[in-house]
Amino acid sequence: MTPSLVVLLALQVAATPLDVTARVDRARVVLGDEIGLTVRARARTAEPVSLELPPLAGFLVLSTHEVTDVSVGGPGAPVRTTVRELQLRATKVGTLLIGAVHARQGRVIVATDPIVVTVDSGAAGGPPALTPLARALVDAAPPPERTDRVALTVVVPTDTVLAGQQLDVVATAWFPRELRNRLHRPPQVTIETPQRVWAYPAARSSDVAASRLVRGSWLDLYVAHQVVFPLAAGRVVIPPASVEFAVPTTFSFFSREERYALQSDSVTIVVLPLPVEGRPADDQRVTGRGLVLALDVQPADARVGEPLEVTTTVAGVGNVALWPEPALRWPPGFRPYPAEPEARIDWQGGRISGSKAFRYLVVPDSAGTFVLPELRYPYYDMGRGGYTVAGAAPRTLVVAPGAEPRAARSLPPLAPVDGEAWASAVARDLFPWGWGALVCAPPLAALLWRRRSRPRGGPEPAPAVAPQVTRLGRLEREFHVVLASHVADPVARDGDGLARALRAAGIESAVADHIMRLRDRLRAARYGPRGLGDAAELAAEIEQVLGVLGAEPHGGRRVRLFSTLCCAALLAPRGSLAQGPSAEALYAAGALRAAADSFAARAAAEPRTAAHWYNVGATLYRAGADGKAAAAWAVAARLAPRDRMIRRARELLPAPDATSERLLAVGVGAPGEWGLVAAACWVGFWAALARRRRSRAWLLGLAVCAAAAGAQGAREALRRQQALAVVVSPATPVRVAPYGGASAVATVEAGAALLVERRDGRWLEVRRPDGIHGWLLEREAVRLPQDPL
């Protein structure tokens, strides 16, 4: 060979190097999943190419397929392409490394880059491998009748369980070893999840789980395992399990495969209810083994307005996912905000175990010493076969005043209780018929007066003299009134059955007969031919009867009633006052939460007394609950708009924005007061018009006054009929949708006012004239009463 030819061949080889690539179809898989590894080698010569694979630690080779293609067409040299495809199954958790693949063609050796594959653990809560309980079921599984064919059975530990008891379901596929050795890939055993159960993810073994020598033939077992918990008593049918496998038609590795599928029989499980004997009253239908309840409070030093993290944890063996929340009773003044429960699943001797934590963010609003009561968590212990209680001891919490005490700001004094404003009470009592009479009666009265005072042609008649009512007449009227109070039926009162009706009302028989005779004497004296006769004697007899029946003439009854009430008030027992300290005493002692509850109870009993609402606001303001205090003072201002103490208190908590200030604004008078002013002007107008003694200017002024006062009262009533809510917490988000994860369209401060459009469960749809529109939790706001008067 000439030197020039050698140089030419060397240049050609250098110009056409061997090209090798290796890749996987997925770089991150779950334990037990399959991935594909593809190696491709391409060369410009027809010389054979050999591929050397690295050790595949952590993977099981399910199948291998290699194809070589040589292309000799075209003006250039022939092109050889070799492709090897491997189907792998991940059998180890962690970061696995597939080393470099080496391709050799003659003296040329090319290596690929290593490949990193991340293998995660199986689905959360799945067993790490075949558990001891499942292994025991596999060992106890009865062999099939025939050993020359594939068989599939479903094995359960028992056919009767209690509701909430763990049940292991194992499907075993029996393969003759000769047949199993011919398979290119392991069979797939599948378990269908039954209904009316809580199921955890099933686990399948890709390798042979066990081998049994049955009647001289070896059988290899492939297993699928699932754990279920029946939810209620009754029957649970476990659906048939299935196995799928492919058998090559010839002994060649590249042979065509025939696919087969086989199903087992279904299994019926009888689920019994939990025993009734010994069940605690507060049982929550919880089952488990050795449950432990723990209570933790962080931080240990609590302050008013600062959040505490309270965690209750239930740990043990059982269906962790369905364990309910412990019944935790919060002390007064603690506002809890629950978080999502956190469950951790583990395995203990083949049984599902773990812990479930319930977390709360708790904000105390009063200083003092509080006790978290003892926690009880009753459950049915499957190990003991009876009911037991897991508990946590009581915890004492000492809540100190806030880091920034509110004592530096001016504190409003308490207001004396003076009852409901008289104008509002009169206006409310007149509604609705009294107001209708005030509107309609003056025009009609004026019209009748003018017709009566109109001059006529004849002589003016003499004014009628009102008849004088004698002493006997007054006593007779009072006698009939008292008689009607004892006998309501007019027929019995005026007929012969009066004595019988009085005896039925509790009057003595002799007195009842005397009253009936006195009634007949009054009739004879009034309408008989002899006239009154001795009026003084008859009047004295009526007074005597009235005294017996409990009525006093000439105002004596009112005097005796007043005296009786005064004596009863002086001699009444003071037991109700001695039951506990008053709200004012609690306020002075600094027990603000108890004082606020006491004042709130008074406001609920007498909702139209402004002093009660003012005192509620003063107590909440001193405790630092500015949002609730603003709401209480807004109600007090509506009831007493001109009260100076309420006005000064509202200046301590101005509205956080201009829109809230307009929504919470109160006029100089209540709607009822404006209505009474309008009614007075209205009556005066028609009275002056009827007497014709006023000028037109005076009449016009009364009419304008009535119209202006009525319009102002209507405006104030419409304003108070609006559905308003006051935000109680600072930086409260208004969300775009009624759920906690929704984004916030705006953030409002404590004391802000919002218009409520509707309620949807625990949420309020709110809006404002400044464009804020969204949803707010109902506990984050206080709704003002809608009272037009």
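Nothing here was measured: the structure is a model prediction, and the numbers come from that model.

K.L.:
Looking at this model, I keep getting lost on the nonpolar core. Mind explaining?
P.N.:
Here is a general trend for soluble globular proteins: nonpolar side chains tend to be buried in one another's company. With 36 residues, the main nonpolar core has Tyr 614, Trp 633, Ile 646, Leu 653, Leu 664, Leu 724 and Leu 784 as its most contacted residues. Secondary structure elements with two or more residues in this core: α12 (583–589), α13 (592–605), α14 (610–623), α15 (626–639), α16 (644–652), β33 (724–727) and β36 (753–760). Broken down by element, the residue count for this core peaks at ten residues, all from α15. Contact partners of Trp 633, with chain neighbours within four places excluded, come to Pro 412, Trp 613, Tyr 614, Gly 617, Ala 618, Tyr 621, Ile 646, Ala 649, Arg 650 and Leu 653. Core analysis: the second largest hydrophobic core is formed by 28 residues, Val 169, Phe 175, Leu 183 and Ile 191 among them.

K.L.:
So what exactly am I meant to see when it comes to the confidence of the model for the chain here?
P.N.:
As a general rule, the predicted coordinates of low-pLDDT regions are not to be interpreted in detail. On average, the chain scores 79 in pLDDT, and the residues at 70 or more come to 82%. Every residue in residues 1–16 is under pLDDT 50, and counting partners more than four places away or in other chains gives three contacts. Taken as a whole, residues 551–579 scores under 50 in pLDDT and shows 17 contacts with residues more than four places along the chain or in a different chain.

K.L.:
For this particular structure, what's the right way to read the pattern of salt bridges?
P.N.:
Summed over the entire model, instances satisfying the criterion amount to 20 salt bridges. In this structure, Arg 84 and Glu 66 form a salt bridge, with 2.6 Å as the shortest nitrogen-oxygen distance. Linking Arg 84 in strand β6 (residues 79–90) with Glu 66 in strand β5 (residues 59–71), this pair joins segments that are 18 residues apart in sequence. The exposure class of Glu 66 is partly exposed, given its relative accessible area of 30%. As a salt-bridge pair, Glu 584 and Arg 602 come within 2.9 Å of each other at their nearest N and O atoms. Here Glu 584, found in helix α12, pairs with Arg 602, found in helix α13; they are 18 residues apart in sequence, far enough to count as distant.

K.L.:
Mind showing me how you'd approach helix α2 (residues 132–139) here?
P.N.:
Note that an α-helix has 3.6 residues per turn; residues three or four places apart therefore point the same way. Among all positions in α2, only Ala 134, Leu 137 and Val 138 are buried. Down the axis, α2 shows its buried residues gathered within 100° of arc, on one side only. On the buried face of α2, the contacting elements are β11 (151–155), β13 (167–176), β17 (210–214) and β18 (217–230).

K.L.:
I would appreciate a short explanation of the packing of α14 against α16 in the present structure.
P.N.:
Packed helices, taken two at a time, are described by the angle between their axes plus the distance between the axes. Two elements in contact, α14 and α16, have axes separated by 11 Å at closest approach and are oriented at 30°. Of the possible angle classes, the one that applies to α14 and α16 is roughly parallel. Seen from above, α14 lies across α16 with left-handed handedness. Residue-level contacts link Ala 610, Tyr 614 and Tyr 621 of α14 to Met 645, Ile 646, Ala 649 and Leu 652 of α16. Tallied by class, residues from the contact of α14 with α16 come to seven nonpolar, no polar and no charged.

K.L.:
Sorry if this is basic, but what is going on with unusual backbone geometry here?
P.N.:
Trans is the common state for peptide bonds, and a negative phi is the common state for residues other than glycine. Omega for the bond connecting Gln 298 with Pro 299 falls within 30 degrees of zero, at -5°, which places this linkage in the cis form. Following the sequence through the fold, Pro 299 ends up in the loop between β23 (287–298) and β24 (302–303). You will see that Arg 196, though not glycine, has its phi angle at about 65°, which is positive. For Arg 196, a relative accessible area of 42% gives the class partly exposed. Despite not being glycine, Arg 285 shows a phi value in the positive range, around 60°. By the secondary structure assignment, Arg 285 is in the loop between β22 (267–272) and β23. Assessed through its relative accessible area of 52%, Arg 285 is described here as exposed.

K.L.:
Looking at this structure, I do not really get a nonpolar patch on the surface. What am I missing?
P.N.:
A contiguous nonpolar surface patch, about 190 Å² in accessible area, is contributed by Val 30, Leu 31 and Val 93. As for its placement among the helices and strands, Leu 31 is situated in the loop between β2 (28–30) and β3 (34–43).

K.L.:
Explanation requested: the sheet that holds strand β8 (residues 102–105) in the structure shown.
P.N.:
Picture the strands of a sheet paired through backbone hydrogen bonds; they go either parallel or antiparallel. Reading across the sheet, the three strands line up as β4-β8-β9 and stay open at both edges, with antiparallel pairing between neighbours. Either end of the sheet is taken by a strand with one partner, and the two such strands are β4 (50–52) and β9 (108–111). Shown here is a sheet whose adjacent strand axes are inclined to one another by a mean of 20°, direction ignored. Examined bridge by bridge, β8 and β9 share four bridges and lie antiparallel to one another. Bridge assignment links Ala 103 to a residue of β9, and that residue is Val 110.

K.L.:
Can you walk me through the side chain of Asn 319 in this structure?
P.N.:
Relative to the helices and strands, Asn 319 is located in the loop between β25 (308–317) and β26 (334–338). With residues up to four places along the chain from it excluded, the contact list for Asn 319 reads Trp 198, Tyr 200 and Phe 229.

K.L.:
It is not clear to me how the sheet that holds strand β7 (residues 94–98) should be interpreted in this structure. Could you clarify?
P.N.:
With mixed pairing, the three strands of this open sheet are ordered in space as β2-β10-β7. Whereas interior strands pair on both sides, the edge strands pair on one side only; in this sheet they are β2 and β7. Within the sheet, the average angular offset between the axes of one strand and its neighbour, ignoring direction, is 30°. Of the pairings in the sheet, the one linking β7 to strand β10 (residues 115–120) comprises five bridges and is antiparallel in character. Counted as the bridge partner of Thr 95 is Thr 118 from β10.

K.L.:
What am I meant to see in the environment of Ser 242 here?
P.N.:
By the element assignment, Ser 242 lies in strand β20 (residues 242–248). Taking the relative accessible area as the measure of exposure, Ser 242 reaches 19% and is therefore buried. Taking C-alpha positions, Ser 242 is 9.6 Å from Asp 265, a pair spaced 23 residues apart along the chain.

K.L.:
Looking at this structure, how should I read the packing of aromatic side chains?
P.N.:
Describing an aromatic ring pair means giving the distance of the ring centres and the angle of the ring planes. In total, this model carries nine aromatic pairs according to the counting rule given. For the pair Tyr 200 and Phe 229, a centre-to-centre distance of 6.0 Å together with 70° between the ring planes defines the contact as edge-to-face. Of the two residues, Tyr 200 sits in the loop between β15 (197–199) and β16 (203–204) while Phe 229 sits in strand β18, which places them 29 residues apart along the sequence. No difference in accessibility class separates Tyr 200 from Phe 229, as the two residues are buried. On the numbers, 5.1 Å between centres and 75° between planes, the contact of Tyr 380 with Tyr 387 is edge-to-face. The exposure classification of Tyr 380 matches that of Tyr 387, with both residues buried. Ring pairing ties together the aromatic residues Phe 175, Tyr 222, Phe 245 and Tyr 260, which thus form one cluster.

Each value, and the rule that gives it
Residues numbered from 1 in each chain as written. Predicted model: local features only at pLDDT ≥ 70, side-chain atom pairs only at ≥ 80, totals over all residues. Heavy atoms only, no water. Core = buried A, V, L, I, M, F, W, Y, C linked by side-chain atoms within 4.5 Å. Buried < 20%, exposed > 50% of the residue type's maximum accessible area, 1.4 Å probe, protein only. Helix = DSSP H or I, 4+ residues; strand = E, 2+ residues; numbered from the N terminus. Contact = heavy atoms within 4.5 Å. pLDDT = per-residue confidence, 0-100. Salt bridge = Lys/Arg side-chain N within 4 Å of Asp/Glu carboxyl O. Arc of directions from axis to C-beta. Axes fitted to C-alpha atoms, helices over the stretch in contact; angles between N-to-C directions. Parallel < 35°, antiparallel > 145°, perpendicular 65-115°, else oblique. Left-handed = near helix turned anticlockwise from the far one by under 90°. Nonpolar A, V, L, I, M, F, W, Y, C, P; charged D, E, K, R; others polar. Patch = residues over 30% accessible without salt bridge, like charges linked within 9 Å, V, L, I, M, F, W, Y side chains within 5 Å. Areas by Shrake-Rupley, 256 points an atom, 1.4 Å probe, with all protein chains shown as cover. Pairing = 2+ DSSP bridges. Phe/Tyr/Trp six-rings, centres within 6.5 Å; stacked < 30°, edge-to-face > 60°.

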